[in-house]
Structures are given as structure tokens and as C-alpha cells.
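The residues making up each chain are set out below.
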Amino acid sequence: MAGGKERSMKALREVWRRAENSLCADCGKPDPDWASSTLGVFICLSCSGIHRNIPSISKVKSLKMDHWDDAQVQFLAKHGNAVTKATYEAHIPIYYYQPTYHDCQVLREQWIRAKYERKEFTQPGKHLPYSDGVKEGILWKRGRDNGQFLPRKFLLSEREGCLKYFTKQDAKEPKINIKIDVINATFQPVKIGNPNGLQITYLKDNKTRNIFVYHESGKEVVDWFNAIRSVQFHYLKVAFPIASDNEIKNRLTRNFLKEGYMEKTGPKQREAFKKRWFTLDHRRLMYFKDPLDAFAKGEVFVGSRENGYSVEKGLPSGTQGNFSWHYGITIVTPDREYLFTCETESDQLDWIAAFTSVINQAMTPQEYASKYLDAAC
């Protein structure tokens, strides 16, 4: 008995060590130590919890703590991440967002259910609920002034190239009509206070407007998210016919680089520092009085190093403004210096790393245009 168990463990370790099984099959997290005995994939602890919620499809076991019999080990050896992915991820639309371990629960859960439970990607040409080029339905939207979430009708149209929402279901005219090419969407469950919370941002007069929505169904809100990406993809294919699919994919929705509280002072650098919520969306550093404000109180353009932008740890000597946080950051631009303070050194280093990643990237022609348009406004 002992010899058989040892033999099974040795065989299990050999399969586990294969390069294809070194990352979680669902979110890409390194060193997965769980596996599905019915699907044959190696997964991380977090994804194993999602698999456990669909027991009719997947039965999970720990690779370290549970016993694997010979038949189960042979099943893993025959399948593994590469073989299973070839089946369940064979026909993923290029615009479909494939979450990583950095993403929120609802994105990862619906990705896993889409693959294994609904088998959305196993056959070519399969009808998908986010691929029609049009989507209509109710989302709960936060009121700009009163902060209440109320049901609103949303309409997404590839033919019209826009996203609309209506204050009443029978309304003829939309409250807002947003061009699809200026939309971004990113999941914000913590900030919105709902596990299915989605933040939709768009540019209006070259300023950013935020809309916060959610749906009770995780599947429905993720379908909306991928429907927006689908419409954006097909719109950009027409607008940029010589661009590759991957180039267009990289221009679809994006997560913010960094968010959180900092203190800031004014341009004279003698005013008291005020606590504000900051969002770094690539080259736009926006600040808000409240994280759920519809409009930013201001924006700072973060350009590239070769154009005279840099980030420095600390504040200039002799800074006069009163501040309660003592971990300073200075953003140097060709026009002026922007001074911020962070509550902890960890926050300071994280913000500096985020700013540095942007400043080290060369600016595109579109970013030059955006910078000068901001200046004109």
C-alpha cells in the first residue's frame, strides 16, 4: 500500500512539474497547488474555490494535502493545462477579456463558468450574448448628485457607435449618448461597494466623466463589459483598417494604473495640503474630492521623460504648505512642479513606481494632441 501511494505521488509530481502546468489554467498565477480531477487542469487556491461552486463540472483536490489514486493521476497526465485549454479555449473572441489573478472575483468566476460550464469557446461561430453588436437592458446606476443607485435602461449599439442610457424605460431621448471610442470600463467592486460594480468613464469636452453601475447578476454585468469591448473592437477595425487585431485589442478597455488617497497643494505651493482621491489612467492623473464623484476636480498630464517629465521622492526643500502626511512626491513637468504627500512609505513607493512606468514610455502622436488640447482648455 505504502509503495503504491509513493508511486502515485511521484507520478503526480512529474505531471505537476511540466512547464505547461506551472501557471494556473484560469488566472495565470504561478505555482498552482490545486487541480481538477474531472477537467484535468492545475489551478490556484483562489480559482479552486470558484470550481468548487460548480461541482457538477469540476471536482478539485489539493496537490499537497489530498490523496490522488492512480486513475486520477493518469487522467491529469493525459490532460493537463495545455490539452484542456485547447478544448475549452479554442475559439475565444479576440476582444473577450481574459482575467488574471489581479482581477476581481466576478471577472474570474464568469471566465471560469464561460469556459467549463457554458462552453462558450469550444465551437467556432457559436452565438455569444455579447457578440451581437447591440445590447439593451437595465443596470443600476448611481445618481450623480444624490448617490442613490436606481434602475436605468442602457442601450449599446455597434451600428450607431455609441452607448446610451435613459432615465425612464419609455423615454424617447437618452439622458446621455456616449461615443464608443471614448469609453473605458473597469470593474470597481470595492470602490462602488458591490461585487458586480462597474465603472464606465468617458471623455466629454476632453474631461473625464464617471458613471458607476452594477447588476445583481455577475454574468449579466460581465456580458455588458465584453459587449462594450466587442463594439469597440469592430468600430476600431473600421476606423483603423491597417491595424492588426492585437494592436486594436490593446486599445480596448483598460484597468487604471493606480488609485488611492494622497494630499496635494496648489500651484503656489504655499496652500495647505488637501486630501484627495487620485486615479492614474495612463497619462491622466485625475483627482476627486470623493472616489465616487462624477467629475474630477482637476487633471494633471503625465508626459514622458524625453519631454521633460520626471518623478522625485520627497518635496522640495522649503515647502511651506501644511501637510499631515510626510511621504512626499514631486512630479516635475516643463511648466511647473506638482507636490503630493502619502500616508505611508509603501503608498509613496507604489505611486512613484506607477508614475515612473508612465514617464519611461515614449508619447504617441495622439497623446501629444491630448496634451495640447488640455492646455487649450
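Just so you know, these numbers come straight off a predicted model, no measurement behind them.

Trainee: How would you summarise unusual backbone geometry if you had to cite specific residues and measurements?
Mentor: With glycine set apart, most residues show a phi of negative sign, and most peptide bonds adopt trans. Although it is not a glycine, Asp31 adopts a positive phi angle of roughly 60°. Position of Asp31 among the secondary structure elements: in the loop between α1 (2–16) and β1 (34–36). According to the relative accessible area criterion, Asp31 is exposed, its value standing at 65%. With a phi close to 55°, His282 is a non-glycine residue in the positive phi region. Looking at the secondary structure, you find His282 in the loop between β12 (274–281) and β13 (284–288).

Trainee: Explain the pairing of strand β11 (residues 258–264) residue by residue, including any values.
Mentor: Counting buried positions along β11 gives 5 out of 7 residues, so the element sits mostly inside the fold. Sheet topology note: the β11/β12 ladder contains 7 bridges and is antiparallel. By the bridge assignment, Gly260 is partnered in β12 with Phe278. Note that β11 and strand β17 (residues 337–342) share 2 bridges and pair antiparallel. Within β17, the position partnered with Lys264 by the bridge is Phe340.

Trainee: Could you give an account of the packing of aromatic side chains, with specific residues and numbers?
Mentor: Per the stated rule, a full pass over the model turns up 19 aromatic pairs. Where Tyr96 meets Tyr130, the ring centres are 5.4 Å apart and the plane angle is 50°; that geometry is what we call tilted. With Tyr96 in the loop between α4 (80–88) and α5 (105–117) and Tyr130 in the loop between α5 and β4 (134–142), the pair connects residues that are 34 residues apart, well separated along the chain. Overall, Tyr96 belongs to the buried group, its relative accessible area being 3%. Aromatic ring contacts, followed pair by pair, group Tyr95, Tyr96, Trp111, Phe121 and Tyr130 into a single cluster.

Trainee: Which residues make up the UniProt feature "domain: PH" (unreviewed entry) in the chain, and what are the values?
Mentor: Residues annotated by UniProt as "domain: PH" (unreviewed entry) correspond here to residues 132–233 and 255–360. Helix and strand shares over residues 132–233 are 20% and 46% respectively, and the end C-alpha atoms of the span are 13 Å apart. In the segment residues 255–360, helix accounts for 14% and strand for 38%; the C-alpha atoms at its two ends are 19 Å apart.

Trainee: Explain the UniProt feature "domain: Arf-GAP" (unreviewed entry) in the chain to me, using residue names and the numbers behind them.
Mentor: UniProt annotation of "domain: Arf-GAP" (unreviewed entry) refers to residues 6–129 when read in the numbering used here. Segment residues 6–129 splits into 40% helix and 6% strand. End C-alpha atoms: 48 Å apart.

Trainee: I'd like a description of the sheet that holds strand β8 (residues 183–187), backed by residues and values.
Mentor: The strand order β7-β6-β5-β4-β10-β9-β8 describes an open sheet built from 7 strands, whose pairing is antiparallel. Only two strands of the sheet have a single neighbouring strand rather than two, namely β7 (176–179) and β8. The sheet shows a mean angle of 35° between the axes of neighbouring strands, taken without regard to direction. Pairing geometry for β4 and strand β10 (residues 207–214), over 2 bridges, is antiparallel. Bridging across to β10, Trp140 finds its partner in Tyr214.

Trainee: Describe empty space enclosed by the protein, naming the residues involved and giving the relevant values.
Mentor: Taken as a whole and assessed by the stated rule, the structure comprises 3 cavities of 30 Å³ or more. Taken as a whole, the largest cavity spans an internal volume of roughly 50 Å³. Lining the largest cavity are Lys141, Arg142, Gly143, Arg144, Arg209, Asn210, Ile211, Phe212, Leu292, Asp293 and Ala294. Those elements that place two or more of their residues in the lining of the largest cavity are β4 and β10. Counting residues per element, the lining of the largest cavity draws most heavily on β10, at 4 residues. Its residues assigned to classes, the lining of the largest cavity comprises 4 nonpolar, 2 polar and 5 charged. Among the domains, domain 2 (134–250) and domain 3 (258–375) are the pair contributing at least three residues each to the lining of the largest cavity.

Cut-offs applied
Residues numbered from 1 in each chain as written. Predicted model: local features only at pLDDT ≥ 70, side-chain atom pairs only at ≥ 80, totals over all residues. Heavy atoms only, no water. Helix = DSSP H or I, 4+ residues; strand = E, 2+ residues; numbered from the N terminus. Buried < 20%, exposed > 50% of the residue type's maximum accessible area, 1.4 Å probe, protein only. Pairing = 2+ DSSP bridges. Phe/Tyr/Trp six-rings, centres within 6.5 Å; stacked < 30°, edge-to-face > 60°. UniProt positions renumbered as here; feature names shortened; annotations may be inferred. Axes fitted to C-alpha atoms, helices over the stretch in contact; angles between N-to-C directions. 1 Å grid on protein atoms, 1.4 Å probe; cavity = no way out; pocket = protein on both sides within 12 Å on 5 of 7 lines; lining within 4 Å. Points joined across faces, edges and corners; volume = space filled by probe spheres on them. Nonpolar A, V, L, I, M, F, W, Y, C, P; charged D, E, K, R; others polar. Domains from an automatic or database assignment.

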